[in-house]
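These are the residues of each chain, in order.
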Amino acid sequence: MIEPVRIAETLGAAESNAIAAALAQWDARGNTERLVARDKSLWTGADEDKWLGWLDIAEREKRELSALQAFAREAKHYRDVVLIGMGGSSLGPDVIARSFGPRPGWPRLRMIDSTDPDQIGARDAAIELPHALFIVSSKSGTTLEPNIIADYFFERAGRDGRQFAAVTDPGSALERAARARGFAYVFYGDPAIGGRYSVLSKFGLVPAAAIGIDLARFLEMPHGLDAAVRLGVTLGVLATKFRRDKVTIFASPKLASLGAWLEQLIAESTGKQGRGIIPIDGEPVGAPESYGKDRVFLALSLEGDAAPETDALAGAGHPMIRVVLGDIDQLGQLFYFAEFAIAVAGAMLGVNPFDQPDVEASKVKTRALTEAYERTGKLEAEIPIFTGQGVALFADADNAKALGNHTALADYLRAHLARAGAGDYVALLAYIARDAAHETRLNALRGKIRDARKLATCLGFGPRFLHSTGQAYKGGPNSGVFLQITCDHPRDLAVPGKKYSFGVVEAAQAQGDFAVLAERKRRALRIHFHDLEAGLESLDRAIDVALRSA
């Protein structure tokens, strides 16, 4: 029997008492049993019962391992497995690959979940095309990003479908395309499982099999759910009764990538109807006094791995939840533990944790912009509110009025950051290549903002975050102050069969995203760089000046 995930908390007396009372009420109402029985009235009474296939998917998948094992034997002949997908179709497999590490004699996983031409170009250059197996992963098969990325690499691979596999729901557009193109494999997901809850289904298992993961061990599930229920109730109580709704995730090195998966699970499940828990991943660790009273810390560690340094934070009175995984082979158990906990948290918040009503809004805007480009060959012109220092600033009328008129970039940034108060957060939404250098640079900016203003900070790379935290940014509490970052693309890439390029698609996604933020009355500003690296230097200097003079 696999040992359950271990959980320990450091909480204040008032928090502990409130959580104990909520747990007693949860148990008295038989809520765990109601969840397992798929009782939709536990949440909003909408269609939650139609999205609970994840509850028993591990047991069902164990009975179908032979097909995956046969696929794995074929995949072992390749050097690279290239996963093309967005959100729940890619984040879980990425965690699996990074947490287990390279398996001797097996291919490595390379993920592509961006329309940024520099990022796609870098992935292309790293792949040996004749020795690459491409997995195209999409529930509906209608998602723009994986479709056009798959088209690009299908052309690059000489239109040889034998190098391709698809993971999708039965009867989808992707299944039809895969059959028409002669894909070697088509695997089916469960239509009763949403993307962010799908890691233990074929969406996670197909990439895992291809890189040599022991799926039988991976699918061993916990025998008790008490710890998961406690975590979900704790997060719900801290968010609703103590306004500690910024779950700040720290992790030991081997679990570091888990934060990106948790971001989507938490944000898309809880961030709606003006409510929600905002996940904070990748923020540099700071001194206890640099954090506000809206935080709860979630420290994840693997037994034997270097645990995050959290004693000072707990000692300063910040709520701390420590989750320990005994062995990396229990990673599947940790996924299930988190899914169950967040389903519980959704019940505590009174929301449907299985829908994402605000994600589609940006897709609609983007679709309109790209379709217009196909007709006209250009995107809708925008008028900046400021140009200078190698950048241009853009805002809608309401945000521009709130910012006022200034003559320097630092003054606009100071005015924008001043709009954030206690309990708010600042999110950098970067439509640029997601690489180690850019992550390091932008995370350093987050640390500066946090230390100077005691504000929680987020970083999302577009369009990736649109399928993750974007739901909470638009549908959750109006507590975010957003700085969107875009840039020119001197090395653009063509999309096969389209007038628009990948750079045009990324620009349309940024415009559509900003338009929805503005419609939802979010505090937002866009900064555009003509030269990306020079622009980031200008932003860094301007932030320093803005924070010093705030």
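Heads up: the structure comes first, above all this text.
Residues numbered from 1 in each chain as written. Predicted model: local features only at pLDDT ≥ 70, side-chain atom pairs only at ≥ 80, totals over all residues. Heavy atoms only, no water.

Right, let's get into helix α11 (residues 226-241). With 16 residues, α11 should reach 22 Å at 1.5 Å per residue; the first-to-last C-alpha distance of 22 Å fits that figure. Positive phi appears at R243, one or two residues downstream of α11, with a value of about 55°. (Helix = DSSP H or I, 4+ residues; strand = E, 2+ residues; numbered from the N terminus. Expected span 1.5 Å × (residues − 1).)

Let us look at the environment of I213. Relative to the assigned elements, I213 resides in the loop between α9 (202-210) and α10 (215-218). Once you skip the residues sitting within four places of it in the chain, I213 turns out to touch I96, F100, R103, A208 and F218. (Contact = heavy atoms within 4.5 Å.)

Below, the discussion takes up helix α18 (residues 436-453). Between the first and last C-alpha of α18 there are 26 Å, a value that for 18 residues agrees with the 26 Å anticipated at 1.5 Å per step. Backbone geometry just after α18 places K454 at a positive phi near 55°.

Attention now goes to the side chain of S201. Looking at the secondary structure, you find S201 in the loop between β6 (185-188) and α9. A distance of 2.6 Å separates a polar atom in the side chain of S201 from the backbone oxygen of S198. Those residues in contact with S201, other than ones at most four positions away along the chain, are I57, E61 and I193. (Polar contact = N/O pair within 3.5 Å; in protein donor to acceptor, adjacent residues only side chain to side chain.)

The next subject is the pairing of strand β4 (residues 132-137). Each regular strand carries side chains that alternate between the two faces of the sheet. In terms of burial, β4 is largely enclosed, as 6 of its 6 residues are buried. Here strand β2 (residues 80-84) pairs with β4 via 5 bridges, running parallel. Across the sheet, L83 pairs through a bridge with I135, a residue of β4. For β4 and strand β5 (residues 164-168), the ladder comprises 4 bridges, and the chain directions are parallel. Pairing of F134 across the sheet is with F164, part of β5. With helix α7 (residues 144-156) bridging β4 and its parallel neighbour β5, the resulting β-α-β unit is right-handed. (Buried < 20%, exposed > 50% of the residue type's maximum accessible area, 1.4 Å probe, protein only. Pairing = 2+ DSSP bridges. Right-handed = clockwise from strand over helix to strand, strands pointing away.)

In this section: the nonpolar core. Counting 90 residues, the largest nonpolar core has W54, F218, W261 and L262 as its most contacted members. It is helix α14 (residues 331-349) that contributes the most residues to this core, 14 residues altogether. Ignoring anything within four residues of it in the chain, the contact list for W261 reads L91, G92, V95, R196, V199, F335, A338 and E339. Within the second largest apolar cluster, 36 residues are counted, among which are A415, L428, L483 and I527. (Core = buried A, V, L, I, M, F, W, Y, C linked by side-chain atoms within 4.5 Å.)

For the rest of this paragraph, the subject is the packing of aromatic side chains. Each aromatic ring pair is described using two quantities: the centre-to-centre distance and the angle formed by the ring planes. Scanning the entire structure with this criterion turns up 27 aromatic pairs. Centre to centre, the rings of F134 and F164 are 4.8 Å apart; their planes meet at 15°, and the pair counts as stacked. Of this pair, F134 sits in strand β4 while F164 sits in strand β5; the two residues are 30 residues apart in sequence, bridging distant segments of the chain. Both residues of the pair, F134 and F164, count as buried. Here the aromatic rings of Y425 and Y473 are separated by 5.9 Å at their centres, their planes lie at 35°, and the arrangement is tilted. Here Y425 is found in strand β13 (residues 425-430), whereas its partner Y473 is found in helix α19 (residues 470-475), with 48 residues between them in sequence. Here the two residues Y425 and Y473 agree in accessibility, since each one is buried. An aromatic cluster of at least three residues, connected via ring pairs, comprises F134, Y152, F153, F154, F164, F183 and F502. The ring of F154 carries R181 above its face, with NZ or CZ at 4.4 Å from the centroid. (Phe/Tyr/Trp six-rings, centres within 6.5 Å; stacked < 30°, edge-to-face > 60°. Lys NZ or Arg CZ within 6 Å of the ring centre and 35° of its normal.)

One can find H438 in helix α18. Excluding its chain neighbours within four sequence positions, the residues that come into contact with H438 are I432, A433, F461, L532, E533 and L536.

Our focus in this paragraph is the pattern of salt bridges. Applying the stated criterion to the full structure yields 45 salt bridges. For D398, the salt bridge is made with K521, and the minimal N-O distance between the two is 3.1 Å. Taken together, the positions of D398 in helix α16 (residues 397-403) and K521 in the loop between α20 (502-519) and β16 (523-529) put the pair 123 residues apart, joining distant regions of the chain. Residue D398 is classed as partly exposed on the basis of its relative accessible area of 46%. Note on K521: relative accessible area 56%, which makes it exposed. Note that R441 and E537 form a salt bridge whose closest N and O atoms lie 2.7 Å from each other. Linking R441 in helix α18 with E537 in helix α21 (residues 532-548), this pair joins segments that are 96 residues apart in sequence. The class for R441 is partly exposed, based on a relative accessible area of 22%. Residues participating in the shared-partner salt-bridge network are R38, D56, R60 and D190. (Salt bridge = Lys/Arg side-chain N within 4 Å of Asp/Glu carboxyl O.)

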